[in-house]
Amino acid sequence: DAGITQSPRHKVTETGTPVTLRCHQTENHRYMYWYRQDPGHGLRLIHYSYGVKDTDKGEVSDGYSVSRSKTEDFLLTLESATSSQTSVYFCATKTSGGGDTGELFFGEGSRLTVL
Amino acid sequence: GEDVEQSLFLSVREGDSSVINCTYTDSSSTYLYWYKQEPGAGLQLLTYIFSNMDMKQDQRLTVLLNKKDKHLSLRIADTQTGDSAIYFCAPWGAGGYNKLIFGAGTRLAVHP
(Lines give C-alpha, C1' and ligand atoms only; values in the text may rest on other atoms or scores of the structure.)
Protein backbone atom coordinates (compact mmCIF):
# COMPACT_ATOMS: atom_id res chain seq x y z
CA ASP A 1 0.00 0.00 0.00
CA ALA A 2 1.57 3.25 -1.18
CA GLY A 3 -0.35 5.42 1.26
CA ILE A 4 -2.42 7.38 -1.25
CA THR A 5 -5.24 9.54 0.03
CA GLN A 6 -7.76 11.27 -2.19
CA SER A 7 -10.03 14.08 -1.04
CA PRO A 8 -12.86 14.63 -1.17
CA ARG A 9 -14.11 11.07 -1.71
CA HIS A 10 -17.52 12.29 -2.82
CA LYS A 11 -18.62 15.64 -4.16
CA VAL A 12 -21.75 17.01 -5.78
CA THR A 13 -21.48 20.34 -7.50
CA GLU A 14 -23.26 22.49 -10.04
CA THR A 15 -22.33 23.21 -13.63
CA GLY A 16 -19.95 26.12 -13.93
CA THR A 17 -18.40 25.90 -10.49
CA PRO A 18 -14.70 25.24 -9.91
CA VAL A 19 -13.67 21.96 -8.30
CA THR A 20 -10.32 20.80 -6.96
CA LEU A 21 -9.49 17.22 -6.13
CA ARG A 22 -6.45 16.45 -4.03
CA CYS A 23 -4.15 13.47 -4.06
CA HIS A 24 -1.68 13.01 -1.21
CA GLN A 25 0.99 10.28 -1.07
CA THR A 26 3.40 9.31 1.67
CA GLU A 27 5.76 7.08 -0.34
CA ASN A 28 7.90 9.75 -1.99
CA HIS A 29 7.01 8.37 -5.44
CA ARG A 30 8.21 10.51 -8.29
CA TYR A 31 5.34 9.95 -10.70
CA MET A 32 1.72 10.85 -10.04
CA TYR A 33 -1.32 10.43 -12.29
CA TRP A 34 -4.94 11.43 -12.55
CA TYR A 35 -7.34 9.08 -14.33
CA ARG A 36 -11.07 9.17 -14.80
CA GLN A 37 -13.21 6.04 -14.96
CA ASP A 38 -16.40 5.88 -16.95
CA PRO A 39 -18.52 2.87 -17.96
CA GLY A 40 -17.41 1.45 -21.28
CA HIS A 41 -14.26 3.58 -21.35
CA GLY A 42 -12.25 2.07 -18.56
CA LEU A 43 -9.57 4.35 -17.17
CA ARG A 44 -8.42 7.31 -19.21
CA LEU A 45 -5.38 9.37 -18.35
CA ILE A 46 -6.09 13.07 -17.73
CA HIS A 47 -2.70 14.45 -16.65
CA TYR A 48 0.41 13.14 -15.04
CA SER A 49 3.45 14.52 -13.23
CA TYR A 50 7.04 13.35 -13.42
CA GLY A 51 8.32 15.63 -10.68
CA VAL A 52 7.62 18.79 -8.73
CA LYS A 53 6.29 21.42 -11.13
CA ASP A 54 6.67 18.96 -14.05
CA THR A 55 3.39 17.88 -15.60
CA ASP A 56 2.10 16.69 -18.96
CA LYS A 57 -1.20 16.02 -20.66
CA GLY A 58 -2.86 12.65 -21.03
CA GLU A 59 -5.59 11.40 -23.36
CA VAL A 60 -8.46 13.54 -22.04
CA SER A 61 -6.92 16.72 -20.63
CA ASP A 62 -9.37 19.31 -22.02
CA GLY A 63 -11.19 21.12 -19.20
CA TYR A 64 -8.69 20.01 -16.56
CA SER A 65 -5.54 21.52 -15.08
CA VAL A 66 -3.09 20.14 -12.54
CA SER A 67 -0.45 21.38 -10.18
CA ARG A 68 2.30 19.76 -8.18
CA SER A 69 4.11 22.11 -5.82
CA LYS A 70 5.30 19.35 -3.48
CA THR A 71 6.32 15.74 -4.08
CA GLU A 72 3.47 14.44 -1.97
CA ASP A 73 0.56 16.44 -3.43
CA PHE A 74 -1.01 16.42 -6.89
CA LEU A 75 -4.06 18.61 -7.45
CA LEU A 76 -6.62 18.24 -10.23
CA THR A 77 -8.73 21.31 -10.98
CA LEU A 78 -11.87 21.64 -13.05
CA GLU A 79 -12.04 25.38 -13.68
CA SER A 80 -15.71 25.30 -14.66
CA ALA A 81 -17.30 21.92 -14.12
CA THR A 82 -19.59 20.44 -16.79
CA SER A 83 -21.94 17.46 -16.63
CA SER A 84 -19.59 15.50 -18.91
CA GLN A 85 -17.04 15.61 -16.10
CA THR A 86 -19.27 13.55 -13.84
CA SER A 87 -17.04 10.56 -13.20
CA VAL A 88 -14.94 8.67 -10.71
CA TYR A 89 -11.45 10.10 -10.51
CA PHE A 90 -8.46 8.02 -9.49
CA CYS A 91 -5.04 9.17 -8.46
CA ALA A 92 -2.09 6.83 -8.90
CA THR A 93 1.62 6.95 -8.13
CA LYS A 94 4.70 5.17 -9.39
CA THR A 95 8.23 4.98 -8.15
CA SER A 96 11.30 5.45 -10.32
CA GLY A 97 14.82 4.08 -10.54
CA GLY A 98 15.94 0.54 -9.80
CA GLY A 99 12.78 -0.49 -7.97
CA ASP A 100 10.51 0.53 -10.82
CA THR A 101 8.54 -2.33 -12.35
CA GLY A 102 6.02 0.08 -13.79
CA GLU A 103 3.45 -0.80 -11.14
CA LEU A 104 0.96 1.92 -10.36
CA PHE A 105 -0.49 2.30 -6.87
CA PHE A 106 -4.02 3.65 -6.79
CA GLY A 107 -6.05 5.71 -4.38
CA GLU A 108 -9.61 4.80 -3.48
CA GLY A 109 -11.19 7.20 -5.95
CA SER A 110 -13.20 10.42 -5.80
CA ARG A 111 -16.74 10.33 -7.10
CA LEU A 112 -17.74 13.67 -8.65
CA THR A 113 -21.28 14.50 -9.74
CA VAL A 114 -21.90 17.67 -11.72
CA LEU A 115 -25.57 18.68 -11.83
CA GLY B 1 -2.14 6.47 -30.27
CA GLU B 2 -2.24 3.17 -28.47
CA ASP B 3 -5.43 1.16 -28.56
CA VAL B 4 -6.16 -1.53 -25.99
CA GLU B 5 -9.30 -3.61 -26.43
CA GLN B 6 -11.08 -5.99 -24.11
CA SER B 7 -14.53 -7.50 -24.09
CA LEU B 8 -16.67 -5.81 -21.47
CA PHE B 9 -18.36 -8.75 -19.75
CA LEU B 10 -17.68 -12.35 -18.86
CA SER B 11 -19.92 -14.64 -16.85
CA VAL B 12 -18.68 -17.99 -15.53
CA ARG B 13 -19.84 -20.67 -13.15
CA GLU B 14 -18.02 -21.08 -9.86
CA GLY B 15 -15.26 -23.68 -10.21
CA ASP B 16 -14.86 -23.21 -13.97
CA SER B 17 -11.92 -21.48 -15.64
CA SER B 18 -12.19 -17.87 -16.79
CA VAL B 19 -10.28 -16.48 -19.74
CA ILE B 20 -10.06 -12.73 -20.23
CA ASN B 21 -8.60 -11.52 -23.49
CA CYS B 22 -6.88 -8.30 -24.52
CA THR B 23 -5.49 -6.99 -27.79
CA TYR B 24 -3.18 -4.01 -28.13
CA THR B 25 -1.51 -2.14 -30.94
CA ASP B 26 1.90 -1.00 -29.66
CA SER B 27 4.50 -3.70 -30.20
CA SER B 28 7.11 -1.81 -28.14
CA SER B 29 5.42 -2.60 -24.82
CA THR B 30 7.99 -3.98 -22.38
CA TYR B 31 5.71 -5.05 -19.53
CA LEU B 32 2.09 -6.07 -19.85
CA TYR B 33 -0.05 -5.83 -16.75
CA TRP B 34 -3.30 -7.15 -15.42
CA TYR B 35 -4.98 -5.04 -12.76
CA LYS B 36 -8.00 -6.02 -10.69
CA GLN B 37 -10.64 -3.62 -9.38
CA GLU B 38 -13.02 -4.80 -6.71
CA PRO B 39 -16.30 -2.90 -6.15
CA GLY B 40 -15.83 0.55 -4.69
CA ALA B 41 -12.05 0.34 -4.70
CA GLY B 42 -9.07 1.45 -6.72
CA LEU B 43 -7.09 -0.84 -8.99
CA GLN B 44 -4.47 -3.25 -7.71
CA LEU B 45 -1.80 -5.02 -9.68
CA LEU B 46 -2.74 -8.67 -10.14
CA THR B 47 0.14 -9.94 -12.25
CA TYR B 48 2.37 -8.96 -15.13
CA ILE B 49 4.51 -10.49 -17.84
CA PHE B 50 7.68 -9.30 -19.50
CA SER B 51 7.53 -8.90 -23.25
CA ASN B 52 10.27 -11.53 -23.72
CA MET B 53 8.08 -14.22 -22.13
CA ASP B 54 5.26 -16.27 -23.64
CA MET B 55 3.68 -17.50 -20.45
CA LYS B 56 3.70 -16.82 -16.75
CA GLN B 57 1.98 -18.88 -14.09
CA ASP B 58 1.20 -17.66 -10.60
CA GLN B 59 -0.95 -20.06 -8.55
CA ARG B 60 -4.43 -19.97 -10.16
CA LEU B 61 -3.40 -17.32 -12.69
CA THR B 62 -1.88 -17.99 -16.10
CA VAL B 63 -0.87 -15.16 -18.41
CA LEU B 64 -0.29 -15.89 -22.08
CA LEU B 65 1.37 -13.45 -24.45
CA ASN B 66 1.32 -13.71 -28.23
CA LYS B 67 3.53 -10.86 -29.37
CA LYS B 68 3.04 -11.55 -33.05
CA ASP B 69 -0.70 -11.09 -32.77
CA LYS B 70 -0.40 -8.53 -29.92
CA HIS B 71 -2.73 -10.61 -27.81
CA LEU B 72 -2.63 -11.02 -24.05
CA SER B 73 -4.85 -13.32 -22.00
CA LEU B 74 -5.47 -13.99 -18.33
CA ARG B 75 -6.74 -17.40 -17.26
CA ILE B 76 -8.13 -17.89 -13.77
CA ALA B 77 -8.43 -21.52 -12.79
CA ASP B 78 -11.12 -22.72 -10.38
CA THR B 79 -12.87 -19.33 -10.43
CA GLN B 80 -14.36 -18.30 -7.10
CA THR B 81 -16.98 -15.71 -6.17
CA GLY B 82 -14.18 -13.59 -4.73
CA ASP B 83 -12.79 -13.28 -8.25
CA SER B 84 -15.80 -11.21 -9.28
CA ALA B 85 -14.29 -7.86 -10.25
CA ILE B 86 -13.25 -5.76 -13.21
CA TYR B 87 -9.98 -6.80 -14.85
CA PHE B 88 -7.90 -4.31 -16.79
CA CYS B 89 -5.22 -5.01 -19.34
CA ALA B 90 -2.44 -2.40 -19.50
CA PRO B 91 0.61 -2.60 -21.75
CA TRP B 92 3.42 -0.40 -20.45
CA GLY B 93 5.29 1.73 -22.88
CA ALA B 94 2.18 1.93 -25.00
CA GLY B 95 1.32 5.52 -24.12
CA GLY B 96 4.91 6.57 -23.95
CA TYR B 97 7.37 5.81 -21.20
CA ASN B 98 5.83 6.26 -17.74
CA LYS B 99 2.29 6.60 -19.07
CA LEU B 100 0.15 3.54 -18.53
CA ILE B 101 -2.82 3.17 -20.89
CA PHE B 102 -5.61 0.85 -19.80
CA GLY B 103 -8.17 -1.16 -21.68
CA ALA B 104 -11.87 -0.60 -20.93
CA GLY B 105 -11.89 -3.46 -18.44
CA THR B 106 -13.69 -6.81 -18.40
CA ARG B 107 -16.31 -7.29 -15.71
CA LEU B 108 -16.15 -10.87 -14.48
CA ALA B 109 -19.29 -12.21 -12.83
CA VAL B 110 -19.03 -15.55 -11.05
CA HIS B 111 -22.29 -17.36 -10.35
CA PRO B 112 -22.99 -20.54 -8.37
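Refer to the structure presented above.
Small disclaimer: the values here were computed from a predicted structure and weren't measured.

Asker: Sorry if this is basic, but what is going on with the pattern of salt bridges here?
Answerer: Where charged atoms from two side chains of opposite charge come close, those side chains can pair. Residue and element names in this part refer to chain A. For the structure on display, the rule yields seven salt bridges over all chains. For D38, the salt bridge identified is with R44, shortest N-O distance 3.0 Å. Judged by its relative accessible area of 11%, D38 falls in the buried class. Each of the salt bridges in this network shares a partner with another, and the network as a whole consists of R22, K70 and D73.

Asker: Hey, could you run me through the state of the cysteines in this one?
Answerer: By definition, a disulfide links two cysteine residues through a covalent bond between their sulfur atoms. Under the defined criterion, the tally for this structure stands at two disulfides over all chains. Across a sulfur-sulfur distance of 1.9 Å, A:C23 and A:C91 are joined as a disulfide pair. Sign of the S-S torsion, about -70° for the bond between A:C23 and A:C91, identifies this disulfide as left-handed. Here A:C23, found in strand 3 (residues 19-25), pairs with A:C91, found in strand 9 (residues 87-94); they are 68 residues apart in sequence, far enough to count as distant. Between the sulfur atoms of B:C22 and its disulfide partner B:C89 the distance amounts to 2.0 Å. Here the S-S torsion is close to -60°, and the disulfide linking B:C22 with B:C89 is therefore left-handed. Taken together, the residues span a long stretch of sequence, with B:C22 in strand 3 (residues 18-24) and B:C89 in strand 9 (residues 85-92) at a distance of 67 residues.

Asker: Quick question: what am I supposed to make of the interface of chain B and chain A here?
Answerer: Bring the parts together and some accessible area is lost; that lost area is often taken as the interface size. Of the residues lining the interface, 21 residues belong to chain B; the matching set on chain A comes to 23 residues. Where chain B touches chain A, the interface holds zero salt bridges. Here chain B is connected to chain A by three residue pairs in polar contact (both at pLDDT 80 or more). Broken down by secondary-structure element, the contributors of at least two residues to the side of chain B that touches chain A are strand 4 (31-37), strand 5 (43-50) and strand 9 of chain B. A total of four residues in the side of chain B that touches chain A trace back to one element, the largest contributor, which is strand 4 of chain B. Tallied by class, the residues present in the side of chain B that touches chain A amount to 15 nonpolar, five polar and one charged.

Rules and cut-offs
Residues numbered from 1 in each chain as written. Chains lettered and ligands numbered in written order. Predicted model: local features only at pLDDT ≥ 70, side-chain atom pairs only at ≥ 80, totals over all residues. Heavy atoms only, no water. Salt bridge = Lys/Arg side-chain N within 4 Å of Asp/Glu carboxyl O. Buried < 20%, exposed > 50% of the residue type's maximum accessible area, 1.4 Å probe, protein only. Disulfide = S-S within 2.5 Å. Helix = DSSP H or I, 4+ residues; strand = E, 2+ residues; numbered from the N terminus. Contact = heavy atoms within 4.5 Å. Polar contact = N/O pair within 3.5 Å; in protein donor to acceptor, adjacent residues only side chain to side chain. Nonpolar A, V, L, I, M, F, W, Y, C, P; charged D, E, K, R; others polar.

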